[in-house]
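Tertiary structure, described
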Amino acid sequence: MAVAYSEIARALAGARRRRGWIAAAAFLGYGASAALLFLLLGAAALSLGAGPWVRPIALSLAVCAVGAAAGWTVLSVLRSGLGEPGAARALAAEDESLRSDLLSAVELERDRGEVQRTGRFSVALLDAHAVRTAERARGVDLRRAIPARPARRAGLALGGVSLLHLVALVAGGATLAGAYGRVLAGEPARAGPPRAEPITGDVQITYRYPAYMGRPEKKLSGTGGEVAAPSGTEVRLETRSDRPVVEAQILLETGARTAPAARAGGEPDPAGQAAPAREGPQVLALSVANGRDLSGGFVVKDSGSYRFRFTRGSKVLALGPPIPVAAEPDAFPEVRITAPAQEVEVDARDRVRVDWIASDDVGLQDLTLVLKVPAAEEKRRVVRSFDATRRESGSLEVDLAPLRLAEGEKLLYWLEVRDGDAVSGPKRAASTTHAVKIYSEAEHRRAALQKAQALWEEMVRLLGDRLERLPRGEKSNLESLSVGESFDLRGRTLADRLRAAAAELRRDRSAPAELAAALANVSGGVRAVAERTATARLNLGRLLRMGRADDLRLQRWVDDLDAEMDAELEKDVLYLEKLFDQRKAEDLVRMARDLAQRRRDLASLLEKYRQAPSDQARKELLAEVARLKARMQEMLARMAELAKGIDDEHMNAEALAEMSRSKDLMGGLDRVAEMLQKGDLEAALRELDAMGSLMQEMLASLERTAGQPGKQNAALAKEMMELKRQLEAVQAEQEQLAAETERVKAEYRRRIAERIQAAEDRARHMAELAREARERVREAGKGVGMRSEEAFGTSRDRLQDLEKALAMRDFDAALESVRRALPPMQRLAIELEEDALTAERYPMGREPERAREAAQKAEAALPPARQVRQELERLFPDPRAVLGPGEQARLDRQSRRQAELERQAGAMQQRLQQLMKEAPIFPPQAPQLVGESRGHMQQAAEELGRKNPQRGHSQQRQALDALSRFRKGLEEMARRGGRGGGGFPFPFAAVDLGGGGEEGSMGDPSREKVEIPGAEAHRAPEEFRRDLLEAMKQGAPEAYQAEVKRYYEELVR
Amino acid sequence: MTGRALRLAALVALAPALAAPAPQAEDAPQRYRQVAVAMRHLVDEEMDQARALVEPLLEAHPGDPAVAMAAGVLRLHEQRYDEAVRLLEASDASSPGTPGDWLELARKAREVTRGYQRAEGRHVVVFHPKGKDEVLVPYLQEMLEAERAALERAFGRVPAGKVAVEIVPSTRDLARLSTLSEEEIKTSGTIAICKFNKLMVTSPKALLRGYDWLDTAAHEYVHYVVTRHTRNQTPIWLHEGIAKWAETLWRGRGGESMSPYSAALLRDAARQGRLITFAQMHPSMAKLPSQEDAALAFAEVLAAVEWIERRGGPGALVKVLDNVAEGRPADQAVSRALSLPFDAFLAEWRRWMATRPLPEGGDRELKVLRFKGDPKHGGSHSEWADIPDDRARGFARLGEIFRERGRWEAARQEYAKAVSRVGGRSAALASKFALASLMSGREGEAAAVLGEAVRLHPGYAALHVNMGRLYAKKQSWQAARDAFLLANRTDPFDPEIHAGLARAYEALGEKALAEREQRFAGLLAGGDER
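All of the points below concern the structure found in this document. (Residues numbered from 1 in each chain as written. Chains lettered and ligands numbered in written order. Predicted model: local features only at pLDDT ≥ 70, side-chain atom pairs only at ≥ 80, totals over all residues. Heavy atoms only, no water.)

1. Some remarks on the overall build of chain A
A tally of regular secondary structure across chain A gives 25 helices and 20 strands. Looking at chain A alone, contacts between residues at least 24 apart form 76% of all its contacts between residues at least 6 apart. Counting only carbon and sulfur atoms, one obtains 51% of the accessible surface of chain A, whose full area is about 52300 Å². (Helix = DSSP H or I, 4+ residues; strand = E, 2+ residues; numbered from the N terminus. Contact = heavy atoms within 4.5 Å. Areas by Shrake-Rupley, 256 points an atom, 1.4 Å probe, with all protein chains shown as cover.)

2. Structural notes on the nonpolar core
Membership of the largest hydrophobic core comes to 102 residues, with the highest contact counts inside it found for L140, W237 and F345 of chain B. In terms of residue count, the dominant contributor to this core is helix α14 (residues 291–312) of chain B (12 residues). Grouped together as the second largest cluster of nonpolar side chains are 92 residues, L574 and I921 of chain A together with L429 and V454 of chain B included. (Core = buried A, V, L, I, M, F, W, Y, C linked by side-chain atoms within 4.5 Å. Buried < 20%, exposed > 50% of the residue type's maximum accessible area, 1.4 Å probe, protein only.)

3. Section: a nonpolar patch on the surface
Together, L163, L166, V167 and V170 of chain A make up a nonpolar patch on the protein surface, roughly 410 Å² of accessible area in all. For L166 of chain A, the position within the fold is in helix α7 (residues 149–185). (Patch = residues over 30% accessible without salt bridge, like charges linked within 9 Å, V, L, I, M, F, W, Y side chains within 5 Å. Salt bridge = Lys/Arg side-chain N within 4 Å of Asp/Glu carboxyl O.)

4. Describing the packing of aromatic side chains
Residues and elements named next belong to chain A. Considering all chains together, one arrives at 13 aromatic pairs over all chains under this definition. Aromatic pair Y207 and Y209: ring centres 6.2 Å apart, planes at 20°, arrangement stacked. What makes Y207 buried here is its relative accessible area of 2%. Plain terms: the ring middles of F298 and Y306 are 5.5 Å apart, the flat faces sit at 55° to each other, and that makes the pair tilted. Pair check on accessibility: F298 and Y306 agree, each one buried. (Phe/Tyr/Trp six-rings, centres within 6.5 Å; stacked < 30°, edge-to-face > 60°.)

5. Re the sheet that holds strand β2 (residues 124–128) of chain B
All names here are of chain B. With mixed pairing, the five strands of this open sheet are ordered in space as β1-β2-β3-β5-β4. Of all the strands in the sheet, the pair left with one neighbour each is β1 (117–120) and β4 (192–195). Direction aside, neighbouring strands of the sheet carry axes that sit 20° apart on average. Relative to strand β3 (residues 163–168), β2 is paired through four bridges, and the arrangement is parallel. Within β3, the position partnered with V125 by the bridge is A164. (Pairing = 2+ DSSP bridges. Axes fitted to C-alpha atoms, helices over the stretch in contact; angles between N-to-C directions.)

6. Some details on the sheet that holds strand β14 (residues 351–359) of chain A
All names here are of chain A. Strands sit in the order β12-β14-β17 across an open sheet of three strands; the sheet is antiparallel. With partners counted over all chains shown, the strands left at the sheet margins are β12 (334–339) and β17 (391–399), one partner each. Between one strand axis and the next, the sheet turns through 30° on average, direction left out of account. Of the pairings in the sheet, the one linking β14 to β17 comprises nine bridges and is antiparallel in character. Considered in β17, the bridge of I357 is made with S393.

Following this line, the structure appears as structure tokens:
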């Protein structure tokens, strides 16, 4: 029975195997066919020029095809060929009963044991069924039951694809085959150059440089053959081959290169650099000696390489490795201007020194200076030739005079340098462009004027705002007060700005001095009123806050001051406007003069050209005409602009009429240019002459009228001149009077000479007293508070003066010093006494003991000082006791004359104040100066009345000093105004006064006090004397002491 | 140029033509006599008589140089310049040394008037340059019609037909159209001329501040009428006196043009014996050496005519003219009309000049004509130089500074300070002050200032403009219109005047006039032709 079952199992296993084999064959057939087809298609695409991307696609598709076939096979096997049921279905696909039997036989066999154990079924029947089924199974033909058709079809497909391959490869030839190969194996690896081995020994290289470089021949032995040399260098190679040779060559492979173009700045132009184009190797024969010694050479042109090669006929026997050739480039030369700076401002007739440095890697050839005058062509001049030097520096001078540059014009210049490159041609490089600007006083003046005008506009704004917004004649309240305060602040700020602008203008050498002076005066005037107004308003504010708004007196005072400020601003605005106009008018004249000068230059050029005509000269002439025209246009435009802004009080109608004539000048120039173009020189000259007459008339008229002031200004200027004359008269009279007093004084001194001589013995005692006084004052200083500082300082200084004077035996000065020292000493004593009492009463603040001690010391300083004064006064007896009646009568007369002079000075001061109300031509401190002089005159009159010629004369000299300072200012003003008092009333500069005003800090040396000339003139100023005494105390070498003493005495006499 | 001089010139001019070979010898002497007579008529501006002679001759003898000469001159007088030039060229009258030089005159006239537009009225034809000068036309026509009617009433008759008026853009062109030089024109202030059967009037735009162009045109029209009335026999002093006296008839009574300045000048000159003699006035007032002399001369002759009127009563003037027309010399004509020996007349006239009451209001100073484009006549600042007080001038300048910056209140205060020092003496200052007051909202102050200033300076256009502005602000349209019309009498090229007039007319319901003025305003504001 077991046999039957095993036969069934064998039959089923056979069915399974067959089906598997068929499925595998089909997979192989279809998968391979598809894969091959994709590969072929990929190859075809590659052969048709597709990119290498085809290969991965083709390969991917082929792999996919194979994968898909495999999957499909497995699936079909799993579906129909595995397990007994599947095998039974495959074996008995067409015999259903057999299939059922087979299946039941298999299942019954699986359950036979259980059937046998349970006896559920008949085992025999089962076995019988198995035997019958086995028998039937044996009769089944497997080849028929499971046909091999799929395998066959797959084989056919594979065959077809193979055939297609065959056909395609035959048709596509090597290309398709190659492409097929590339699909299968990828891109073939490129074959590397054949490895070349050295075939020569060490190389001896001889460099022969281009002649222009001036470099000696250079020989290098034992090299590997590497060449590095400038282009144009001849290279000679000598070496020995590693084998006997008959023919040897050099294969030179270098890039062709065009010479790069030069550009300014000394750098090669990248745009001009051509891309290297490779050429085939150049073959150069080598000489062969002794079978192995090789020699030959080449000229370096570009970088690249060379090889040695041994040949026989056309056959290459050996090829050496490439040896580099480096052509060293010839760099562009360089030139730099090291001085002056990029742009400088100079005068038109200056010579400008230009420092330069030039360099080149090989050698310089020459240096050219290029000048570019406005509206003209560039002018080139070789200024230096070089002997192939590589670096050079130097200086050259540019003479501006022949270029006839006008004010404000710019000359551009630069240097160009060339190297001596004879191989690729000289290369040129240029320095950066520098400029020389012709100093234009007019431009500077214009700038100054603009600055001043900006401030003027601010003044106008302030005045306008005040007129429109400042409440007047109304009862003040805190609100209106605040408006007023803001205006006071604006006034002071404006004054500060004006003062700063004046200081700035003063530092500018081109800025009109009178502009600075005027601004300073205006500043002083505005500030003075603004401060007074601010103080008054402050007081008014206090009253208002205290609830006393009914104080009309203060209210009126503030209103008056506001009106005063308005008047001050009005006066300043009008005067400054006129001053600006005056300046502008003068600028017009200057411009016209410049224009006339340029026309003359042109005429002279034209004359020269007539004598020696040439194309070049004609070109230059036309360029000059063009320049003149451009200049003229600019000037006319400026003149028109200036004239527009000029109040015709200054630029009157006649001058404007002349200006309109200037328009004809442009037409004249056009005609000159036209004649020149035509070559009609005579006509051009005639035209130029006509222009000359026109210009002359224009200039004359402008000169005549530009300086003519308006009626008001003329009157003002006249008044100022009158004041000056008055001053001169007073001064002359004062001089004469002082001289007369001096004679009386000399007589007095002569008479007391003996007495002074005798006082020498007392001098030491007096000096001790003075020292004692000073010492006590110094000790008192320890208790000095803020209140007594001034008295303490003055006392101390004057006591020091006293000591110095006594040391010098200058009793006159000593008496003066002690007299001046005593009042502050007394003040000091009183103040310290008060302080002591306060401290004792209210001991919280200061130490009472210390204050008391200080007061005692100050008090104690007084007796010795008084004693010195008494002794000195005894030395100088009352002049009335010394001088005779005649001299005393003279002193009386002089006193009266002095008083009269003081009255005259008073009238002068009044006139001055009146003038100051009309225009800010005087600084605010001017009346003080006259006042100071008057004070001295008054004192002089008093002293003379007291018959004291010494003190009288001293006061007279001080009065003269103040007058002289004032006069100096007036003279300066007259000098600027010109025309004998009929000119413009230029301002009187504050700096000339030296009166200790705020402007005094401007550092202008002209503000120093005027020295009154003449021997025995008067005593030196106190400060000066003190300095000298101080210096004298410093001592001198013994041998010189007498001389030094005498020198100092002379100085202070 | 006097009639006698012109006659002489015409005859001398005719000489070459008369000397030329006659094409038809048989009737030539007769023809040339006719030509000579025609030339005399032309010089005397007796157009009808001249035309009656020349036209038939020209028809009969078109190729005769002498006839062509007369016909050319006739055409020149008819403002047919192209024909005049053609005929005068045919006459060969331009040969060197020919006095008068009609051909040159005709050529210049043709050149100057090329492109001119023609505006024809009832009795007036105005020729004017294209453009802004159009604004003058209606006023000119209206005024001339009024003046014509007034003269007809005063003299009994006026010429029939239409009077031609040519407006010239500059004194240079006026010189080219006339026989005066430009220098003479500017020196004497001559601004219009009546000659060659037409009135030549310089456009007010040629002057910096315009001028009383309507009175001036009326003045020239009186010359035109008197010339025809007396067959050009009137001597210059009488001619100018009558013209001066009658130039205001179109807007009022005669003799109103005597300004306080002229009257004062006249009185001083009469008292000091500095009068300009009648002989010095010959041949033309334009030949006098200065505008001051011309002003004095005009005042003298005006006073003479005034005295004739006062002495002889109404109609005396007509009698004088009739006597002159009858061929009597002027002294006899005056003597007969007044029944008074001429010397006595002269003595009375001198006394009248010395005692004549000064008119109230009006210009106190000579109005010097300031020509545009002539730098010698100064710029905008020149007017300030007229303010005599230094400080006032300073304040005025400050006012200007603020005005230029639009600071009206500040400007007003500064102008006020100036006015407080010099009063209304300066029209420019008063005008600026009024404007500043107006702009800063002080209309009452502006009105007061303007009222006073207008009384003192009735011919100052800016004052009237400001007055117009003030009235317009108050919507007093009638008063505004009158103010703007007064301004227009001097400075018709100010667009604001016409814009103001347009508003006033609009408000008054005068639609057509409002439109016209609006158009003028646009025309004037359109470009800077001035």
